[in-house]
Number of protein chains: 2
Amino acid sequence: MAKLKIIVSATSFFCTRIEWALKLKGLEYELTVEDWDKGKSELLLKSNPVHKKVPVLLDDGVVVAESKVILEYIDEKWKGGDFYPLLPQDPYERAQARFWAQFADDKCAFGTWGACRAEDALEKETAMEAALESFAYLEKQIEGKNFFAGEKIGYLDLVAGWIPHWLGVMEETGGLKILDAERFPSLHEWARNFIEIPLIKECLPPRDMLVNYSTTLLSKLRSQAPNKP
Amino acid sequence: MAKLKIIVSATSFFCTRIEWALKLKGLEYELTVEDWDKGKSELLLKSNPVHKKVPVLLDDGVVVAESKVILEYIDEKWKGGDFYPLLPQDPYERAQARFWAQFADDKCAFGTWGACRAEDALEKETAMEAALESFAYLEKQIEGKNFFAGEKIGYLDLVAGWIPHWLGVMEETGGLKILDAERFPSLHEWARNFIEIPLIKECLPPRDMLVNYSTTLLSKLRSQAPNKP
């Protein structure tokens, strides 16, 4: 079987969650890293013509895009036996994991990014309040547990896995504070532990690279903002 | 076992797709219909405190929200034996169904609704062009097939199932034309046939109710638009 390939960018946590999943499954893969300075690669445009976004998984002739769809694909293709399960078995627990994964992406990640981008003070405060409210829901999901799935890393841990590393970068470059240890003690504790797991840690991009990327992106977006002269 | 209950609104296609799934599975259920004139019900607010949206499935003590999450839950809880399968078995085919379901909701449904809402002529044209581009992708998915899943109704047919009935209402009330028989012959043919299947047809809300609802909603949204005096 041909080795699995993932088209990624060096800074995207949507890509890192796929790497984590493949490592948990014990699967070998190679990365094709997009260089945004050169524009999107032919391979990316051909593989994901609809969204033209990373990550994309290339598996022996088939192509799967959209990170949460890829995670489910990986979990369903390599299951049983010694393969590490990402999603729980019980239908209700699976539904819960999917619900909160969608929430973590839509409300927490995009919510935080919205607060980062906001320039107007009132807009920023409103976006940050909304993000804090979303994080409060996530805090309740992890309370009293080591991982979102219980005792072992699971699907929702991978999806929320940007929080321990990328969130701090967003806070720094966007002038925010979200993951306060007093406000969100369980989430803070989970984040601190999650990032120390060797398999998780070894896939993390260097923090200064993320800071540079985020700073440049925010500056570019602000100069393009429609309310600018 | 207690009968399944779904909290719905009378006009939402996100709710109707759940009814279709339960009927395909041969499961009995009862509807609790929200009356938006009276505000959101206690039951809805208690059952889905995060999003406060319909549909919500209440199944013997557990609560599942978000329509595509509910569809997967139904398919995973009532599977095997005589139960009608919603998603295919093959991991890649499942990934494809999920990818296109997300696309159909995000790009086609919300894209069309965006074009409906737009008041400014240029904004409307841009939104409609984007919606047409999205429908062209969906057209390719149904080309040469009776259903998105092949020979039988599947998950993606249920998710795209708003097109045969609700899209015409959006076109009429929003002043658009999307589902042109010459431009999208396969999608048009699928829509015409899908709506005639008795199990599908019997769950459809009356068209005039949808027209009234959409007209009232659009008028309300327009009077609230931020660029209005």
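The structure contained in this document is the topic of the report that follows. What you see is a predicted model; the values in this text were computed from it and never measured.

Quick look at the overall build of chain A now. A tally of helices and strands in chain A yields 10 helices and four strands. Helices and strands appear in chain A in the N-to-C order β-α-β-α-β-β-α-α-α-α-α-α-α-α. For chain A, whose C-alpha radius of gyration is 18 Å, the value lies close to the compact-globule estimate of 17 Å for 229 residues. Its C-alpha atoms give chain A principal-axis dimensions of about 55 × 45 × 30 Å. By the burial criterion, 51% of the 229 residues in chain A qualify as buried. Contacts in chain A between residues at least 24 apart in sequence constitute 70% of all its contacts with a sequence separation of at least 6. Here chain A carries 29 positive and 36 negative side-chain charges, and the mean point of each set is 4 Å from the other.

Residue and element names in this part refer to chain A. The four strands lie next to each other as β2-β1-β3-β4, forming an open sheet whose pairing is mixed. Unpaired on one side and paired on the other, β2 (29–34) and β4 (62–65) mark the two borders of the sheet. Between one strand axis and the next, the sheet turns by 20° as a mean value, whatever way the strands run. Pairing geometry for strand β1 (residues 4–9) and strand β3 (residues 56–59), over three bridges, is antiparallel.

So, on to the relation of the copies chain B and chain A. It takes a turn of 180° to lay chain B on chain A, together with a shift of 0.0 Å along the axis; the resulting RMSD is 0.0 Å. Expressed as a symmetry operation, the mapping of one chain copy onto the other fits a two-fold axis. It is B:Q102 whose C-alpha, among those of chain B, lies nearest the rotation axis, at 5.7 Å.

All names here are of chain B. On the basis of which strands lie adjacent, the open sheet formed by four strands has the order β2-β1-β3-β4 and mixed pairing. Two strands bound the open sheet, and with one partner strand each, they are β2 (29–34) and β4 (62–65). Going from strand to strand, the sheet's axes swing by 20° on average, the running direction of each strand aside. As paired strands, strand β3 (residues 56–59) and β4 are joined by four bridges and run antiparallel to one another. Across the sheet, L58 pairs through a bridge with V63, a residue of β4. Across the sheet, helix α1 (residues 13–24) is in contact with β1 (4–9), β2 and β3; its angle to β1 comes to roughly 155°.

Next up on the list: the side chain of B:S134. Among the structural elements, B:S134 can be located in helix α5 (residues 121–142). By relative accessible area, which is 8% here, B:S134 ends up buried.

Residues and elements named next belong to chain B. On inspection of all chains with the given rule, the structure shows 31 salt bridges over all chains. The salt bridge involving D59 is made with K77; its shortest N-O contact spans 2.8 Å. Of this pair, D59 sits in strand β3 while K77 is found in helix α3 (residues 67–77), placing the two residues 18 residues apart along the sequence.

With that out of the way, let us pick up helix α3 (residues 67–77) of chain A. With respect to burial, α3(A) is a largely interior element, 10 of its 11 residues being buried. Buried within α3(A) we find A:S67, A:K68, A:V69, A:I70, A:L71, A:E72, A:Y73, A:I74, A:D75 and A:E76.

A separate point is the interface of chain B and chain A. For interface size, the figure often reported is the accessible area lost on association. With 27 residues of chain B at the contact, the number on the chain A side is 27 residues. With both sides pooled, the region where chain B packs onto chain A buries about 2,100 Å², and carbon together with sulfur makes up 70% of that total. A salt bridge links B:R98 to A:E72, with the nearest nitrogen and oxygen atoms 3.4 Å apart. Run the count over chain B and chain A and you get eight residue pairs in polar contact (both at pLDDT 80 or more). Among the elements of the structure, β4, α3 and α4 (91–117) of chain B are those that each provide at least two residues to the side of chain B that touches chain A. The element that contributes the greatest number of residues to the side of chain B that touches chain A is α4(B), accounting for 11 residues. The residue makeup of the side of chain B that touches chain A, split by class, is 15 nonpolar, four polar and eight charged.

What counts as what
Residues numbered from 1 in each chain as written. Chains lettered and ligands numbered in written order. Predicted model: local features only at pLDDT ≥ 70, side-chain atom pairs only at ≥ 80, totals over all residues. Heavy atoms only, no water. Helix = DSSP H or I, 4+ residues; strand = E, 2+ residues; numbered from the N terminus. Rg over C-alpha atoms; globule rule 2.2 N^0.38 Å. Buried < 20%, exposed > 50% of the residue type's maximum accessible area, 1.4 Å probe, protein only. Contact = heavy atoms within 4.5 Å. Lys, Arg positive; Asp, Glu negative; His and termini not counted. Charge placed at Lys NZ, Arg CZ, Asp CG, Glu CD. Pairing = 2+ DSSP bridges. Axes fitted to C-alpha atoms, helices over the stretch in contact; angles between N-to-C directions. Least-squares fit on C-alpha atoms with pLDDT ≥ 70 in both. Salt bridge = Lys/Arg side-chain N within 4 Å of Asp/Glu carboxyl O. Buried area = accessible area lost by both parts, 1.4 Å probe. Polar contact = N/O pair within 3.5 Å; in protein donor to acceptor, adjacent residues only side chain to side chain. Nonpolar A, V, L, I, M, F, W, Y, C, P; charged D, E, K, R; others polar.

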